[in-house]
Structures are given as C-alpha cells and as structure tokens.
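Listed here are the chains, written in short residue letters.
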Amino acid sequence: MLAAASARAALLALAAVSLAAADPPEKDKDKTPAKDGPGFFFPIDGARDCAFDQVRERLYVTTGEKLVVLDTKNRKRLEEVERPGGLQGCAIAPDFSFLAVAPATAQYVYRIGTKWDKAADMPVTRIKFKAPSEEPGVYAVCVGFDGTILFSTTYSGSGGTTLRRITPKNKVEEVGKVNMNAVLAPGGGRRYAALAEGNISNGPLRRYDFKERKLVPVAEMGGFPYEIGLSRDAKMYARPHAKGCDLLDAKGARLGSLDGEPVIAAAFHPSADTLFVLRHGSVNVEEYDVLGRKVANSYPLDKPLVIKADVNEREVVDLQPVGRDAVTATFRKITSVNFHTYESGRVKVSEDGKRVFAVVPNGVYVFPVKTAPPGEDKPRPKVKDIGP
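What counts and what doesn't
- Residues numbered from 1 in each chain as written.
- Predicted model: local features only at pLDDT ≥ 70, side-chain atom pairs only at ≥ 80, totals over all residues.
- Heavy atoms only, no water.
- Pairing = 2+ DSSP bridges.
- Helix = DSSP H or I, 4+ residues; strand = E, 2+ residues; numbered from the N terminus.
- Axes fitted to C-alpha atoms, helices over the stretch in contact; angles between N-to-C directions.
- Buried < 20%, exposed > 50% of the residue type's maximum accessible area, 1.4 Å probe, protein only.
- Salt bridge = Lys/Arg side-chain N within 4 Å of Asp/Glu carboxyl O.

1. Some points on the sheet that holds strand 23 (residues 263-268)
Read across the sheet, four strands follow the order 23-24-25-26 without closing on themselves; strand pairing throughout is antiparallel. The open sheet has two edge strands with one neighbour each: strand 23 and strand 26 (294-300). Strand-to-strand, the axes of this sheet are offset by a mean angle of 25°, without reference to chain direction. Note that strand 25 (residues 284-289) and strand 26 share six bridges and pair antiparallel. Along strand 26, the bridge assignment pairs Glu287 with Asn297.

See the structure below:
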C-alpha cells in the first residue's frame, strides 16, 4: 500500500476543503519584503534548475549556457562550466555521487561526477540515446533510489515521445510512450517519481516505480500542467496552476487546494508532511502543513516574485436547440494562463530535508528549513540574513 491507514484517514479529512493561506501579516499585504528571516540569495542570470550535493555543500545551478557551482557553506561561487546542448533540468543521485543534467537540444544526458577539486577535473560523461530527429533533446531528469536516471524528451512541433531510463551501467532502456515535455519529480525515498504531461489539454498524471520498473497512469488533471510535486511513498501529489495548487491523493482524486495567487512551483518535504510553494506576486516561499491545513513557516524573498505567464484566449460557441429547425448560439471566451517549468521558477528540497531552494529567473534563494524532520526534536539553528 502507498499510504498507511492513519495517513489515509488524515488525508480524507482534507476532501473538498480549501487550504488557502492564512491572512498574511501587514508587511506582506503591501508587498514589502521581510528583512528578518534566515537565508540568502545567489544572483544568477537565466537560472533554470538546481540540485544540491549535501555531502560537499555544493549547489549546482543550470542556466542554459553553463553549469554554475555554488559553495553554500561559504556562500560563494566555485565554478562556472560551459556545456553545449542548452542545459535545463538537473538532479542529484541519492548517494550524491553524480549529477544528471538534461540538455534541451541534444540527444544525450550528462552524467557528472561530484568528487572533484577543480572544474578541469570534473568527470563528465555524455550518455547518448537513439531517438528520431523529432526528439531533439532532453526535457527533464530524475534519479531513483537505485541510481537509475529517468528522463523525458522534447519534440519538434507537438507530439508523442518516449520515456527512457539509464541504468547505473549507463545502458539506455525504453520505459513507455508519453507526451512531449513531461515534467518529472521524485518523492521522498526516491522509489517513485511523478510524471505530468503538459503538452496536452487533459494533463495526464503518471507514476513511475523505480523498484518495479513500471509506469502506471494515475489521473487526468487537465489544463496543461507545467509542474508537479510528489510526497514520500507517493501518498500525495501537488499540481500548481494559475489559481493556486491542487492536492491529489495516491489515486489522483482531489483532496483540496491552496487557493490564491498563481503557484509557480511546489515541492514536498522528503519526510515531513509539509509542502513548499512558490507563488507569483508573493514575498515569501510558504511551507504548508498539509495535514494541519495551515501555513507552518514562511521564508522571505528580498522582493515580490513577479513571473510573466502566457495568456491564451479562445472563443467557443454553445448551441441550444430551439424548436425543430433552429438553434441559438452563445459565444464565450476561455482564458488560460500558463507558466513554464524551467523559465518561471522551481522549488527543490535537499535529500535530508534541511534546505529548501527557490530557483527564480535571476538567481536562487537558499533557506534552512525550519521544520525538523520526524525524529528530530531540536529546532533549526538560525542563519543570519546576509549576501553571498
């Protein structure tokens, strides 16, 4: 079973309940950034994704043109390495031995060793895969508990692609057929990964089991999903959208929602029952207690987060029969607001749950997590709010 009976009972209590945030403090209402919170910010133009090596306290950030390596302990840049292919998605192995990086315009995946002192010594392997020319690059990557790399691909135009996996011995295998630009997210423990297909209106949600090596359908979320979050043991999913963020159970049924401003990205704590949310227009990254239905903690940004979205309008007509030979036509407009997985922002949580990272287009925020994982009673030490 994917969820214990006690957890299931708590989740069912959320059904049809709105999990809207509590009223923000006055400083948040007028969009004035908080100044007294812990954490720091690394300015990086064009930041797209990140992965954290907690053993060496290095944060890897992709920018499209290069891979930036940050020393989070001493708050400084270590290296900037240029790599071809248009870098975007990245993920760290659970034992922190390697980094997987997705080049958006190349038919290979970068496997980068983490044991190095200088950039020139950084071990880099390009793992090539066979694919039709219509699949020109890699979209998203995810590393399972067994060191397997799961990755999705892009498509020239609009169409279906193949989900693939790379074994620890660098052998590429096909998993199944999915739509282009499928976003991936691992759950705590790394046994499962969520897959959201965002290039189709019904928004299929699937789950991959690294142990059983199976891809199974979960639900149809609708509305072109651009992000997805997965809790430990695949008990819950988080689906960000223009009106907030939906919470789904293990079978994809809607439990509740975090209503309010558009949610750019969301990520579950790997062991605690909390969800980190990055909202458009907000001055905080919010940590929600999903079982207690409240905001547990806030992590202040230095300014309100403003992310440009694509707004699409289309006109539809509703026909209503009138008598035997006539109909009345009612025209209406449907507006959809869409963000982008790597261009709008991302949220990542360290493997031990002690750090949360908010990637925005001009850099990345680093915060020590205030919630202690299960089994830890001591509060987190505070970090002074200074620049890198």
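2. Notes on the pairing of strand 13 (residues 160-166)
A large share of strand 13 lies buried, amounting to six of its seven residues. Of the pairings in the sheet, the one linking strand 12 (residues 149-153) to strand 13 comprises three bridges and is antiparallel in character. In the strand pairing of strand 13, Leu150 is matched with Arg165. Where strand 13 meets strand 14 (residues 172-179), seven bridges bridge the pair, whose relative direction is antiparallel. Note on strand 14: the bridge partner recorded for Thr162 is Lys177.

3. Examining the pattern of salt bridges
A full pass over the atoms with the stated rule returns 15 salt bridges. For Lys235, the salt bridge goes to Asp273, with nearest N and O atoms at 3.8 Å. You can see Lys235 sitting in the loop between strand 19 (229-230) and strand 20 (236-241) and its partner Asp273 sitting in the loop between strand 23 and strand 24 (274-279), a full 38 residues away along the chain. Its relative accessible area of 32% is what places Asp273 among the partly exposed residues. The residue Asp246 makes a salt bridge to Arg254 at a minimum N-O spacing of 3.4 Å. Each of Asp49, Glu227, Arg346 and Lys348 takes part in one network of salt bridges that share partners.

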